[in-house]
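Spelled out from the first residue to the last, the chains are:
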Amino acid sequence: MFRTSLAVSLALMFAAPACDNKPAVDPAAQAEELKRDLSNGAQRVKDEKYAEAEAMFARVLASDPENALALAGMGRVLLGTKKYPEAVSMLERAAQKLPDDPTLQASLGEVYTRLDRHTDAAAAYAAAFKGDPGHGDYGLKQAQALRKTKQLEKAEEVLREVAKTDAQTEFVYTELGDVLREEGKLDDALKAYMKALIEHPGDKTAHAGAAEVYALQGNRAKAIDEWSTYIRMDCCSVFSEKVAKPKIQALQAEAAAPPAP
């Protein structure tokens, strides 16, 4: 009896599948799957399908928590969903591993700007522009951050470099005009605004900048003309209603006022 029971038990033990036996993982197949998640996640970010992208990057990070591309991708997901403090953490971790990636540095510059960390934004955009000098928008954004920190001379230098390397960057000459105007270089500022209008005739902000310069020079007629042009190009915007039209009214009032005795 005992021998029969033992024999049956042994037979059942060897016949039953082991509970803790897991299917073998093919490392090559797993690596290929993670590679697809990284590629597809990056495309989902471009398409602003952030929930889908987040799931893909999360799978990669679950397998490889320090994967730089996944960290960068997750940072861009968080940036796109306006979770800026969390985005900074992810992007900074990625940048430690990929310090020379201009696109990653530009993402850092954007999130720093969102958090009003303009000094950090200027440094990040500087790294992006250094890594990709042909991408004038990086230099433009670097200059805008420098302008916010009142580093006007450096901003002017960067904008002139952008004009050399990528003159078709929209608003580069308008931004240069704004910087020169704040530096008190009014004639140079006016030249920059005129250059902006040659390169991009639809740039209404260049008309606004020129209007400001003419007003500072005491040329009310030309200032009114430039503001009027701006309004014709952008008749119903908040800026037209709150800034441009009141500026014209003020200039007209100054022109109509009797001269001081």
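For the structure given in this document, a descriptive report is provided here. Quick caveat, the model's predicted, so the values are computed rather than measured.

1. A word on the overall build of the protein chain
Within the protein chain, the regular secondary structure consists of 14 helices and 0 strands. Order of helices (α) and strands (β) in the protein chain, N terminus to C terminus: α-α-α-α-α-α-α-α-α-α-α-α-α-α. The burial tally for the protein chain puts 38% of its 261 residues in the buried class. When contacts within the protein chain are restricted to residue pairs at least 6 apart in sequence, long-range pairs at least 24 apart make up 41% of them. Summing over all exposed atoms, the protein chain offers an accessible surface of approximately 15,300 Å²; the carbon and sulfur share of this is 55%.

2. Details of the nonpolar core
With 69 residues, the main nonpolar core has Phe57, Leu108, Val111, Leu159 and Trp227 as its most contacted residues. With sequence-adjacent residues up to four places away left out, Phe57 is seen in contact with Asp37, Leu38, Gly41, Ala42, Val45, Leu69, Ala70, Gly73, Met74 and Val77.

3. Observations concerning the packing of helix α9 (residues 152–165) against helix α10 (residues 172–182)
Look at α9 against α10: their axes get within 10 Å of each other, and the N-to-C directions meet at 155°. Between α9 and α10, the interaxial angle falls into the category roughly antiparallel. Judged by the sense of rotation from one axis to the other, the crossing of α9 with α10 is left-handed. From α9, Leu152, Ala155, Glu156, Leu159, Arg160, Val162 and Ala163 reach across to α10, where they touch Val172, Tyr173, Glu175, Leu176, Val179, Leu180 and Glu182. Among the residues making up the contact of α9 with α10, the classes are represented as 10 nonpolar, no polar and 4 charged.

4. Side note on α10
When you tally the buried positions in α10, you get 9 out of 11 residues, the bulk of the element. Listing the buried residues of α10 in full gives Val172, Tyr173, Thr174, Glu175, Leu176, Gly177, Asp178, Val179 and Leu180. Packed against the buried residues of α10 are α8 (136–148), α9, α11 (186–199) and α12 (204–216). Directly after α10, the chain includes Gly184, whose backbone phi takes a positive value near 85°.

5. With respect to the pattern of salt bridges
Inspection of the entire model under this criterion finds 20 salt bridges. Here Arg59 and Asp37 are joined by a salt bridge, their closest N and O atoms 2.9 Å apart. Taken as a pair, Arg59 in helix α3 (residues 50–63) and Asp37 in helix α2 (residues 27–46) lie far apart in primary sequence, 22 residues in all. Counted as one network, the salt bridges with shared partners bring together Arg147, Glu175, Asp178, Arg181 and Glu182.

6. Side note on the packing of helix α6 (residues 102–114) against helix α7 (residues 118–131)
Orientation of α6 relative to α7, taken along the N-to-C sense of each, is 160°, at an axis distance of 8 Å. As summarised for this structure, α6 and α7 are arranged roughly antiparallel, according to the angle between their axes. Remark: the crossing between α6 and α7 carries left-handed chirality. Touching Pro102, Gln105, Ala106, Leu108, Gly109, Glu110, Tyr112 and Thr113 of α6 are His118, Asp120, Ala121, Ala124, Tyr125, Ala127, Ala128 and Gly131, all from α7. Residue classes in the contact of α6 with α7 are distributed as 9 nonpolar, 5 polar and 2 charged.

Quick notes on the rules
- Residues numbered from 1 in each chain as written.
- Predicted model: local features only at pLDDT ≥ 70, side-chain atom pairs only at ≥ 80, totals over all residues.
- Heavy atoms only, no water.
- Helix = DSSP H or I, 4+ residues; strand = E, 2+ residues; numbered from the N terminus.
- Buried < 20%, exposed > 50% of the residue type's maximum accessible area, 1.4 Å probe, protein only.
- Contact = heavy atoms within 4.5 Å.
- Areas by Shrake-Rupley, 256 points an atom, 1.4 Å probe, with all protein chains shown as cover.
- Core = buried A, V, L, I, M, F, W, Y, C linked by side-chain atoms within 4.5 Å.
- Axes fitted to C-alpha atoms, helices over the stretch in contact; angles between N-to-C directions.
- Parallel < 35°, antiparallel > 145°, perpendicular 65-115°, else oblique.
- Left-handed = near helix turned anticlockwise from the far one by under 90°.
- Nonpolar A, V, L, I, M, F, W, Y, C, P; charged D, E, K, R; others polar.
- Salt bridge = Lys/Arg side-chain N within 4 Å of Asp/Glu carboxyl O.

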